[in-house]
Amino acid sequence: MYQRLSGHTLRRPELFREANYIGGKWVAADGGRTYDVLNPATGDIIGRVPSMGATETNRAIDAAYKAQKAWAALTAQQRSDYLKKLCSLMLENTEDLAAIMTIEQGKPLSESRGEIAYSASFIEWFAEEARRVYGDVIPAPVAGRRLIVQKQPIGVFAAITPWNFPSAMITRKAGPGWAAGCAGVIRPASQTPYSALAIAVLAEEAGFPAGVCNVITGPSSETGPAITGSPLVRKLSFTGSTAVGARLLAECAPTIKKTSMELGGNAPFIVFDDADLDEAVKGAIVSKFRNTGQTCVCANRILVQDKIHDAFAEKLSAAVAKLKLGNGMQDGVTLGPLIDEDAMRKVEAHVGDALERGARLVSGGKRDGRSGNFYEPTILAGVSTAADIFHEETFGPVAPLFRFETEEQAIEMANDTPFGLASYFYARDVGRIFRVAEALEFGIVGINEGLISTAVAPFGGMKQSGIGREGSKYGIEEYLEVKYLALGGLGG
Ligand SMILES: NC(=O)C1=CN([C@@H]2O[C@H](COP(=O)(O)OP(=O)(O)OC[C@H]3O[C@@H](n4cnc5c(N)ncnc54)[C@H](OP(=O)(O)O)[C@@H]3O)[C@@H](O)[C@H]2O)C=CC1
Ligand SMILES: O=C(O)[C@H](O)CS(=O)(=O)O
């Protein structure tokens, strides 16, 4: 089915799995329920996967619960070795994993290859972090006592992940969870199940004990409450919209789960008059148009200082004209489709509202004529800060330009949002760099850089962009409990 529809032949067809992975077994949903998965570039059915409900979800949670203690009892080195094997297998199978991703999510193959490397880098990073979960010995305030701090795995984790990075958002959560000694249930977005299922194929091949890795697919209306309501799930890590994140936080409250929330963004991309404009254009292109603008750290508002506005806009327009829109499986394509019709409508609404409020269309501005969810890369100039596109995450290939005069005005505009995930600015004056970086209310600040995400640095937002950090030395802490031992009766 997959090979015929996509015209692509997998070196290892078994990586394209139409079953779920629970307790070390590949299973169908009870009663054989399935749902279709579509190719966003063509609208074709790629295949179908199980439509699991609450019963099957609790079966996966039970499998994780049964496996977790033995997994935690392994040495850190042993867990690290499993993760290193999984990382190697992911990298060895990059071409197949990338093709599966492009077919189900739409991003160009080059970006899918990049995401597989990025995804594997979290497994590699946390394979090492597993061996550095240190504790403390605290000088006792009274004689005859020793105070010890140990860190222990929190237990069973669940990961609910989005469609925009179908592999990396899995490993950015499961990597630290597995490294810490937790077992997990992964529920990928309905539109992009196959990348997650392929990770399970490779985890099984890497020898992961049954129940450590479980991947389920099925309606969030059934799988979600089963996850958030289960007392056996001690940790929930979610990436997605702020609205859903808030709902999940509320659902987790009765069982007091530890949560990590990577939510929506509204990134400002500020170009000051002392910027290197060519570098700023490169940064704007990668930050705005990577994954067709469907990333939570995309430049959502481009703020340009008056004096260099027209020069920047001209350079940006020339760079956007070089983007090649099309089916991500075709060579040379640099911009794929949006994920679905809802996403298309949101982009059209943002563009239409901005134009109605007086913006000028510099390029693009409409659906591309071919079938599938293709929208032309678009630049709008003279956009009003009253426009929806200033206040909401567009999640599409639209670059709205806003003018500003002073540094203070730029900072005020940038911070004028309830979101606080990523931000970017281009400047060369060192005083300005520190003033602006420290004034921006965002968890991530790209300075003269438009592509900043890496497994070694903390990824996460402030305000309504989330809770917690992923990657870096901080990421594994999200899957650990701190235990204080007060050892007395030692005499002396
Ligand atoms: N911060 C980020 O990285 C991301 C932000 N977003 C933002 O979210 C907007 C909408 O994108 P979308 O993918 O629909 O994001 P959603 O937040 O709707 O979905 C993200 C994940 O949450 C699941 N989900 C949705 N509702 C529930 C629920 N009630 N209980 C449990 N799980 C649930 C989804 O499942 P299902 O597949 O069934 O929908 C999906 O797996 C985007 O326009 C963007 O603004 C989106 C993706 C990533
Ligand atoms: O969810 C996202 O959009 C990703 O976190 C973006 S990144 O990590 O690939 O930058």
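What counts as what
- Residues numbered from 1 in each chain as written.
- Chains lettered and ligands numbered in written order.
- Predicted model: local features only at pLDDT ≥ 70, side-chain atom pairs only at ≥ 80, totals over all residues.
- Heavy atoms only, no water.
- UniProt positions renumbered as here; feature names shortened; annotations may be inferred.
- Helix = DSSP H or I, 4+ residues; strand = E, 2+ residues; numbered from the N terminus.
- Buried < 20%, exposed > 50% of the residue type's maximum accessible area, 1.4 Å probe, protein only.
- Near = heavy atom within 4 Å.
- Polar contact = N/O pair within 3.5 Å; in protein donor to acceptor, adjacent residues only side chain to side chain.
- Areas by Shrake-Rupley, 256 points an atom, 1.4 Å probe, with all protein chains shown as cover.
- Nonpolar A, V, L, I, M, F, W, Y, C, P; charged D, E, K, R; others polar.
- Pairing = 2+ DSSP bridges.
- Axes fitted to C-alpha atoms, helices over the stretch in contact; angles between N-to-C directions.
- Contact = heavy atoms within 4.5 Å.

- Taking an unreviewed UniProt entry as the reference, the protein chain is identified by name as NAD-dependent succinate-semialdehyde dehydrogenase belonging to Rhizobium mayense.
- We quote the UniProt Sequence similarities (unreviewed entry) comment for the protein chain here in full: "Belongs to the aldehyde dehydrogenase family."

A closer look at the UniProt feature "active site" (unreviewed entry) in the protein chain
Here comes step 1: Under the present numbering, the feature "active site" (unreviewed entry) in UniProt falls on Glu 262.
Here comes step 2: With respect to the helices, strands and loops of the structure, Glu 262 is situated in strand E11 (residues 258–262).
Here comes step 3: Residue classification places Glu 262 among the buried positions, given a relative accessible area of 1%.

Considering the site of ligand 2
Here comes step 1: Near ligand 2 the following residues occur: Tyr 118, Asn 164, Phe 165, Met 169, Arg 172, Thr 239, Arg 290, Thr 295, Cys 296, Val 297, Ser 453 and Phe 459.
Here comes step 2: Within the contact set of ligand 2, an oxygen atom lies 2.9 Å away from a side-chain nitrogen or oxygen of Arg 172.
Here comes step 3: In the environment of ligand 2, an oxygen atom lies 2.4 Å from a nitrogen or oxygen atom belonging to the side chain of Ser 453.
Here comes step 4: Relative to its unbound accessible area of 290 Å², ligand 2 is 100% covered by the protein chains.
Here comes step 5: Grouping the amino acids of the shell around ligand 2 by side-chain chemistry returns six nonpolar, four polar and two charged.

Overview of the site of ligand 1
Here comes step 1: Taken together, 24 residues are adjacent to ligand 1, and Trp 163, Ser 190, Ser 241, Leu 263 and Glu 393 come closest.
Here comes step 2: At a separation of 2.7 Å, an oxygen atom of ligand 1 approaches a polar backbone atom of Ser 190.
Here comes step 3: Considered on its own, ligand 1 offers 860 Å² of accessible surface; in the complex 83% of this is hidden by protein.

Here we look at the sheet that holds strand E16 (residues 398–404)
Either a parallel or an antiparallel arrangement is found when strands of a sheet pair, and the pairing is made through backbone hydrogen bonds.
Here comes step 1: Pairing in this open sheet of seven strands is mixed, and the strands run E14-E15-E16-E13-E12-E18-E19 from one edge to the other. Looking at strand neighbours, the two that pair on one side only are strand E14 (360–363) and strand E19 (444–447), the edges of this open sheet. The average undirected angle you get between the axes of adjacent strands in this sheet is 25°.
Here comes step 2: Direction of pairing for E14 relative to strand E15 (residues 378–381): antiparallel, over a ladder of three bridges. Considered in E15, the bridge of Leu 361 is made with Leu 380.
Here comes step 3: Each of strand E12 (267–271), strand E13 (299–305), E15, E16 and strand E18 (422–426) touches helix H10 (residues 277–289); the most contacted strand, E12, lies at about 165° to it.
Here comes step 4: Strand contacts of helix H12 (residues 341–356): E14, E15 and E16, with the helix running at about 25° to E15, the strand carrying the most contacts.

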